[in-house]
Amino acid sequence: MMNSNKLEKVDSRDAKLSMAYFYVAFIALALGGLAGLLQTLVRSGKVVLPWGIDYYQVLTVHGVLLGLVLTTFFIMGFQFALISRTTGTFTNGARITGWVGFWLMTIGTAMAATMVLLKEASVLYTFYAPLMAHPIFYIGLTLVIVGSWVAGGSMIATYAKWKRNNPGKASSLLTFMAIINTFMWIIATLGVAATVLIQILPWSLGLVDTIDILVSRTLFWYFGHPMVYFWLLPAYMCWYAIVPKIIGGKIFSDSLARLSFILFLLFSIPVGFHHQLVEPGIDPAWKYIQVVLTFMVIIPSLMTAFSLFATFESFGRSKGAKGLFGWFRKLPWGDARFVVPFIGMLSFIPAGAGGIINASHQMNAVIHNTIWVTGHFHLTAATAVVLTFFGISYWLIPHLTGRVLTKAMNKLAIIQGIVWTIGMSFMSGAMHAAGLLGAPRRSSFSEYGGAAQAQEWIPYQIAQAVGGSILFIGIILVLIIFINLAFFAPKGETEFPVGEVADGAEKPPLVFENWKLWLGISAALILFAYTIPFIDIIQNAPPGSKGYKFW
Amino acid sequence: MHIHKFEKIWLTFGIGCLIVFLSIVGVSAFYLGNQPPSCLTTIDPETVGEKAPFDKPGLNKVEGKEWDYELVYVASAFSYNPTQVEVPLGAKVKVIATTKDVVHGFEMAGTNINMMLEPGYVSEVVTTFDKAGEYLIVCNEYCGTGHHLMHSMVKVVE
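Computed from a prediction, not measured in an experiment: that's the story for all the values here.

Novice: I would appreciate a short explanation of the domain arrangement of chain A in the present structure.
Specialist: Bring the parts together and some accessible area is lost; that lost area is often taken as the interface size. All names here are of chain A. Taken as a whole, chain A is organised into domain 1 (13-163), domain 2 (171-316 + 515-551) and domain 3 (332-513). With centres defined by C-alpha atoms, the gap from domain 1 to domain 2 works out at 19 Å. Taking both partners together, domain 1 and domain 2 bury about 3,600 Å²; carbon and sulfur atoms supply 76% of that area. Summed over the three residues of domain 1 that lose the most area to domain 2, namely M132, W149 and Y159, the buried surface amounts to 18% of that side. With a closest N to O distance of 3.6 Å, K549 and E120 form a salt bridge.

This is the structure we're talking about:
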């Protein structure tokens, strides 16, 4: 795949911006991963934290750093690099805007982290009112969101400028995907920004006495579900448009890839009630409507699965593979850039099946807020997404730093993927099983007054600690590779793989970039799914709640 | 836009399954009445415990309703009132619960009873206890430092 022509490179000034985001992301991985290890050890019942450190403080660190900071920073860094590579170098103004976004997000993270460490904000990363953290925690989170809007604005402006200069042309597939993800993020974060700025912040500052709990939760979950798709879509970008190039094949269909991203934009947002299925105060008919909308994302997911395996099979057959599954052996099993994201893809099969259970109207009550749910998103976010992010790092970091992934590091990266698979099988498997037996999520070790049922959960909690320890070894391996690629690997040029469309494929229809149309449909679906139940929630609201600090 | 023949088959099959699946869920919800707990009653969280039914937590026999008993819980950080209750085997019971302070969970392990308790709202579910045994109620929504110590017990006895 490496050819002697000059490689298409991300401009070094843009590379610096991307790397800044990656440094923060990997620091978050190190600290958040350590917090995760501590949690699994405490919950095994065999370890007690020293110096009076509270389990829930550690849990807040884990959720905020890995759920919010690692993901958002990595995605911003990745998308800046993607757009710079496939649409062109950023203008100075756009790049400075990217830096402003970076510093806002970083300062916000530091403010929130300080409050968590001072034990002023043990509210977990979902910060459900009426638990009330220090106002600086909420201001910090607001800056992270506003910073991400500024960074996203820089990307959208760069894309818009390209569109103006190239009328009638389709944009590059990867830029298109990054822009869809950015729009989805901005639309989704309006909800969390609304509850924080209009409700929570005035209340935590003492300007108002009470807060409407259900309005706040509904706004949070309007954001919470598209947030997980915001994590997932960059992994899909890699699977659709980068992995084909890495294996030496072609993108199955540019148009279908764009269509599936548009479907994700439309059906990821108006679905938050499926996180609130067992909550009072919401009419069950509206819950069911949002359940139906939730399941619409199965369609683009099926399209994705088809495209990926079609790419793999056509590549294998082009190399002379025979029989029904002969192509499987032709895939580059020695290349970490392929193997690690491929493990991620496979994990998405059980992860998706579990997700269908979670959102199934009635079945949700069997697993709601049990540790099954934790097991679920450690397959989606912490395996499918994160392993793909690691796989991306193995070529993107050296591309940006002007270094190469050595054979030894490539081997270590594959070992890392295997370590992760083993660790996660233990941890997520045990979480799913214990959850079915009723073990709650987000809970420290407890014998629940000696109840027989709670005794059954303990062996699974020990298995989670075993898995968590193996996963922590996996994190150490990733950090070794990251530090190597950022500072120590041999100088050289690394390819930034960008997939090409199969020969003879038709051009993508321009209607895919009619943003008025897609953003209009998205807004219409959101208004349909939320207007009436939201008015009901406000009109039937009980007296509000004052704040509590129960930690 | 061209779609490969195999992909058409795959998507037709997939979307067909999806329609069947959502229809089953919908019929279960709207025809058989298997809706998730979605009680619309509200209450002032500051005065929980003063008014019925929350002035009498525990198992109360009722007459002339579709259920034989009402099992009333008041949750607050970090306990449920009552902490233990005996229910006769086979009784049809309406569980009614709310919280005095923050959001709590109400999950009866080993059953399908699992609902959120939110300040200002009443949560309800009707169930029949047709298997004897001890059922642990746990708080499954983080409520503070003693969250994992918050539990109650239901004993279903003959």
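Picking up after the structure, the text goes on.
Novice: Explanation requested: the packing of aromatic side chains in the structure shown.
Specialist: Residue and element names in this part refer to chain A. Per the counting criterion, the structure on display carries 61 aromatic pairs over all chains. Summarising the aromatic geometry, the rings of F22 and F74 are spaced 4.9 Å apart at their centres and angled 45° between planes, so their arrangement reads as tilted. Here F22 is found in helix α1 (residues 12-43), whereas its partner F74 is found in helix α2 (residues 55-86), with 52 residues between them in sequence. Its relative accessible area of 0% is what places F22 among the buried residues. When the centroid spacing of 4.9 Å and the interplanar angle of 55° are considered together, the rings of W395 and F496 count as tilted. Of this pair, W395 sits in helix α13 (residues 371-401) while F496 sits in the loop between α15 (452-488) and α16 (515-539), and the two are 101 residues apart along the sequence. No difference in accessibility class separates W395 from F496, as the two residues are buried. Sitting above the plane of the Y128 ring, R217 keeps its charged end 4.4 Å from the centroid. Between the NZ or CZ atom of R258 and the centre of the ring of F176, over which it lies, the distance is 5.0 Å.

Novice: Whenever I open this one, empty space enclosed by the protein confuses me. Can you help?
Specialist: Summary: where empty space remains is shown by rolling a probe the size of a single water molecule over the atoms. All names here are of chain A. One pass over the structure, following the stated rule, counts 7 cavities of 30 Å³ or more. In this structure, the largest cavity spans a volume of roughly 710 Å³. Lining the largest cavity are 37 residues; nearest its centre among them are H62, L66, T374, F377 and H378. Among the secondary structure elements, those contributing two or more residues to the lining of the largest cavity are α1, α2, α13, α14 (407-436) and α15. Grouping the amino acids of the lining of the largest cavity by side-chain chemistry returns 21 nonpolar, 13 polar and 3 charged. Here the lining of the largest cavity gathers at least three residues from each of two domains, domain 1 (13-163) and domain 3 (332-513). Taken as a whole, the second largest cavity spans an internal volume of roughly 230 Å³. What lines the second largest cavity is a set of 22 residues, and nearest its centre among them are L68, F127, L141, V144 and I145. Of all the secondary-structure elements, those providing two or more residues to the lining of the second largest cavity are α2, α3 (92-117), α4 (135-165), α5 (173-204) and α6 (213-241). The dominant element in the lining of the second largest cavity, judged by the number of residues it contributes, is α4, at 6 residues. Per-class residue counts for the lining of the second largest cavity are 18 nonpolar, 4 polar and no charged.

Novice: When you look at the domain arrangement of chain B in this model, what are you seeing that I'm missing?
Specialist: According to the domain assignment, chain B contains domain 1 (1-35) and domain 2 (45-157). Using only C-alpha atoms to locate each centre, domain 1 of chain B and domain 2 of chain B end up separated by 37 Å.

Rules of the game
Residues numbered from 1 in each chain as written. Chains lettered and ligands numbered in written order. Predicted model: local features only at pLDDT ≥ 70, side-chain atom pairs only at ≥ 80, totals over all residues. Heavy atoms only, no water. Domains from an automatic or database assignment. Buried area = accessible area lost by both parts, 1.4 Å probe. Salt bridge = Lys/Arg side-chain N within 4 Å of Asp/Glu carboxyl O. Phe/Tyr/Trp six-rings, centres within 6.5 Å; stacked < 30°, edge-to-face > 60°. Helix = DSSP H or I, 4+ residues; strand = E, 2+ residues; numbered from the N terminus. Buried < 20%, exposed > 50% of the residue type's maximum accessible area, 1.4 Å probe, protein only. Lys NZ or Arg CZ within 6 Å of the ring centre and 35° of its normal. 1 Å grid on protein atoms, 1.4 Å probe; cavity = no way out; pocket = protein on both sides within 12 Å on 5 of 7 lines; lining within 4 Å. Points joined across faces, edges and corners; volume = space filled by probe spheres on them. Nonpolar A, V, L, I, M, F, W, Y, C, P; charged D, E, K, R; others polar.

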